[in-house]
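Structural overview
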Amino acid sequence: GHAVMMCAEDFKGFDGTVVITFGDMPLFRRSEFYKMCRQHEENGAACTLMTAENPELKMWARVQRDPEGKFASIVEGKDCTPEQARIQELFSGVMVFNSRSLFKVLPLVGCANAQQEYYVTEVPELMVKNGIRYRKAYRVDERGELVEER
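Residues numbered from 1 in each chain as written. Predicted model: local features only at pLDDT ≥ 70, side-chain atom pairs only at ≥ 80, totals over all residues. Heavy atoms only, no water.

**A word on the overall build of the chain**
Selection criterion: Secondary structure follows DSSP: runs of H or I at least 4 residues long count as helices, runs of E at least 2 residues long count as strands, and numbering of each begins at the N terminus. Exposed residues in this analysis have more than 50% of their type's maximum accessible area, buried residues have under 20%, and partly exposed residues fall in between, with area computed by a 1.4 Å probe over protein chains only. Only heavy atoms enter the contact rule, under which two residues are in contact if any of them lie within 4.5 Å.
Within the chain one finds 5 helices and 7 strands. Going from N to C terminus, the chain has its helices and strands arranged as α-β-α-β-β-β-α-β-α-α-β-β. In the chain, which comprises 150 residues, the proportion classed as buried is 43%. Summarising the internal contacts of the chain: among those between residues at least 6 apart in sequence, 69% fall at separations of at least 24.

Next comes the structure, spelled out in structure tokens:
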């Protein structure tokens, strides 16, 4: 989150798509990034997430959903309760945002977590809480290909 905050001024006035990825995330094909961005833009989404399911990855962030199956939040692995750690849907570290929505919500990100860091993963939840429409999450298969939207 802090890295994105540091470049916010450089995006002032920019109205377009912003891709955020984690530096320690798995490799994905460029074609999958393009596909995800294209779908994000075609859907007019404020935020699009790439998710995956892999029971071997214990410390990855989990995607929480409400009782209706809609996105609720991302919980970082170190912050998960035992119940949250059993969630199968993992956050891959890839997010696509509408720049205006991202930078509107970014100042609301706090650091009240296990690592006392600014988590960019709070942004989608803050969008939902502030009435900015969250649209889609895409699951990635073991080959790194987008296979279904959620």
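**Observations regarding the pairing of strand 1 (residues 17–21)**
Just so we agree on the cut-off: Pairing between strands requires that DSSP locate at least two bridges from one strand to the other.
Because side chains alternate across strand 1, one face comprises the buried residues Val18 and Ile20, and the other comprises Thr17, Val19 and Thr21, none of which is buried. As judged from the 5 bridges shared by strand 1 and strand 5 (residues 89–98), these two strands associate in the antiparallel manner. Bridge pairing in strand 5 links Ile20 to Met95.

**Points about helix 5 (residues 122–129)**
For helix 5, the set of buried residues is Val123, Pro124, Glu125, Leu126 and Met127. On the buried face of helix 5, the contacting elements are strand 2 (47–53), strand 4 (71–75), strand 5 and helix 4 (99–105). Positive phi appears at Gly131, one or two residues downstream of helix 5, with a value of about 75°.

**Some words on the packing of aromatic side chains**
Convention followed: Pairing of aromatic side chains here covers Phe, Tyr and the six-membered ring of Trp, requires ring centres within 6.5 Å, and sorts the geometry by plane angle: under 30 degrees stacked, over 60 edge-to-face, intermediate tilted.
Enumeration according to the criterion identifies 3 aromatic pairs in this entry. Relative to Phe103, the ring of Phe11 has its centre 5.3 Å away and its plane inclined at 25°; by these criteria the two rings are stacked. In this pair, Phe11 is assigned in the loop between helix 1 (2–7) and strand 1 and Phe103 in helix 4, connecting sequence segments 92 residues apart. Classification of Phe11 by relative accessible area gives partly exposed; the value is 27%. Grouped by ring-pair contacts, the aromatic residues Phe11, Phe14 and Phe103 constitute a single cluster.

**Focus: helix 2 (residues 30–42)**
Which entries qualify depends on this criterion: In this analysis, the expected span of each helix is defined as 1.5 Å times one less than the number of residues it contains. Each direction from the helix axis to a C-beta atom contributes to the arc, which is the arc of those directions.
If you check helix 2, its first and last C-alpha atoms are 18 Å apart, about what 13 residues at 1.5 Å a residue would give, namely 18 Å. Turning to helix 2, its buried residues number three or more, namely Glu32, Met36, Cys37, Gln39 and His40. Down the axis of helix 2, the buried side of the element spans an arc of 165°, and every buried residue falls inside it. With respect to the buried face of helix 2, the exposed residues turned more than 90 degrees away are Arg30, Tyr34 and Glu42. Gly44 occupies a position one or two residues after helix 2 and carries a positive phi of about 60°.

**Concerning the environment of Val18**
Residue position: Val18 is located in strand 1. A residue is classified by how much of its surface remains accessible, and Val18, at 8% relative accessible area, is buried. C-alpha of Val18 to C-alpha of Asn98: the two residues are 80 residues apart in sequence and 6.3 Å apart in space. Once residues lying within four places of it in the same chain are set aside, the contact partners of Val18 are Phe11, Met95, Val96, Phe97, Ser99, Leu102 and Phe103.

**Things to note about the environment of Thr51**
Quick reminder of the rule: Two N or O atoms count as a polar contact when they lie within 3.5 Å, although within protein this holds only if one can serve as hydrogen donor and the other as acceptor, and sequence-adjacent residues are included solely when both atoms are side-chain atoms.
Take Thr51: it is sitting in strand 2. Classification of Thr51 as buried rests on a relative accessible area of 0%. Reaching out from Thr51, the side chain makes a polar contact with the side chain of Glu89 at a distance of 3.0 Å.

**A closer look at the pattern of salt bridges**
Put simply, the rule is: For this analysis, a salt bridge means a side-chain nitrogen from Lys or Arg found within 4 Å of a carboxyl oxygen belonging to Asp or Glu.
Scanning the entire structure with this criterion turns up 4 salt bridges. Close ionic contact of Arg65 with Glu89 constitutes a salt bridge, the shortest N to O distance being 2.7 Å. Of this pair, Arg65 sits in strand 3 (residues 62–65) while Glu89 sits in strand 5; the two residues are 24 residues apart in sequence, bridging distant segments of the chain. A relative accessible area of 25% places Arg65 in the partly exposed class.

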